[in-house]
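Geometric and topological summary
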Amino acid sequence: MPPRSPLLMLFVGGAVAFQKPGGAFQATPPPRAASRLRAATDVDVSDLKVAMDELDKPLEELTVDTRGVEHTSRTGIEDDGCAWTESNERVDVVLRIPGLRGQPSMSLAVDVTPTTCTVSSFGVAVWSCLLRGRADPASVAFDVSDGADAVPTIELRCGKA
């Protein structure tokens, strides 16, 4: 078996260069896919549903709404009882707390401080939570109605401080 000569490969800009045993390099062109990727300058963003005029607006004029669902049980039960929507100015929350099953909707009250929200039934606190941001208690409005499966539905609207 003849002795093997070392082979050196260089990767430069997608091309591969091989060093032949005599010391000369032989280059191979980059694969077609790599050259197509680099030449692609036109990107389709129609699925983003954003017009170019909207990208020119100052950030203060844009509003961002975030939505989410949280659990209301501290025992680890995933009840998805707190659905919320947040904008720059306010937070809208729909509470369906399974622990309040059977409580008459007219007996429920909501008290919001800058950092907490408490639900009371017949004047006794039955559920509370810490807020992640600061609320404006003067802007709080809520509605309580009888929900499905005897779980009352609390709709809360609150401005941010």
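Heads up: the structure comes first, above all this text.
Residues numbered from 1 in each chain as written. Predicted model: local features only at pLDDT ≥ 70, side-chain atom pairs only at ≥ 80, totals over all residues. Heavy atoms only, no water.

**Things to note about the nonpolar core**
Counting 15 residues, the largest nonpolar core has L95, L100, V110, V112, V119, I154 and L156 as its most contacted members. If we ignore the near neighbours within four places in the chain, the residues touching L100 are L108, V119, V126, A150, P152 and I154. (Core = buried A, V, L, I, M, F, W, Y, C linked by side-chain atoms within 4.5 Å. Buried < 20%, exposed > 50% of the residue type's maximum accessible area, 1.4 Å probe, protein only. Contact = heavy atoms within 4.5 Å.)

**Points about the pattern of salt bridges**
Opposite charge on two side chains permits them to pair, given that their charged atoms come into close proximity. The full count for this structure, using the stated rule, is four salt bridges. In this structure, the salt-bridge partner of R157 is D143, at a minimum N-O distance of 3.2 Å. Remark: D143 occurs in strand 10 (residues 135-145) and R157 occurs in strand 11 (residues 153-160); sequence separation between them is 14 residues. Residue R157 is classed as partly exposed on the basis of its relative accessible area, which comes to 26%. For D143, a relative accessible area of 41% gives the class partly exposed. (Salt bridge = Lys/Arg side-chain N within 4 Å of Asp/Glu carboxyl O. Helix = DSSP H or I, 4+ residues; strand = E, 2+ residues; numbered from the N terminus.)

**Here we look at the sheet that holds strand 7 (residues 108-112)**
The strand order 7-8-9 describes an open sheet built from three strands, whose pairing is antiparallel. For this open sheet the edge positions go to strand 7 and strand 9 (124-130), each flanked by a neighbour on one side alone. Averaged over all neighbouring strand pairs, the angle between strand axes comes to 20 degrees, with direction disregarded. In the sheet, strand 8 (residues 116-121) pairs with strand 9 via six bridges, with the strands oriented antiparallel. Bridge assignment links S120 to a residue of strand 9, and that residue is A125. (Pairing = 2+ DSSP bridges. Axes fitted to C-alpha atoms, helices over the stretch in contact; angles between N-to-C directions.)

**Some words on the pairing of strand 11**
Examined bridge by bridge, strand 6 (residues 90-95) and strand 11 share six bridges and lie antiparallel to one another. Bridge assignment links D92 to a residue of strand 11, and that residue is R157. In terms of strand pairing, strand 10 meets strand 11 through seven bridges, oriented antiparallel. Within strand 11, the residue paired with D143 across the bridge is E155.

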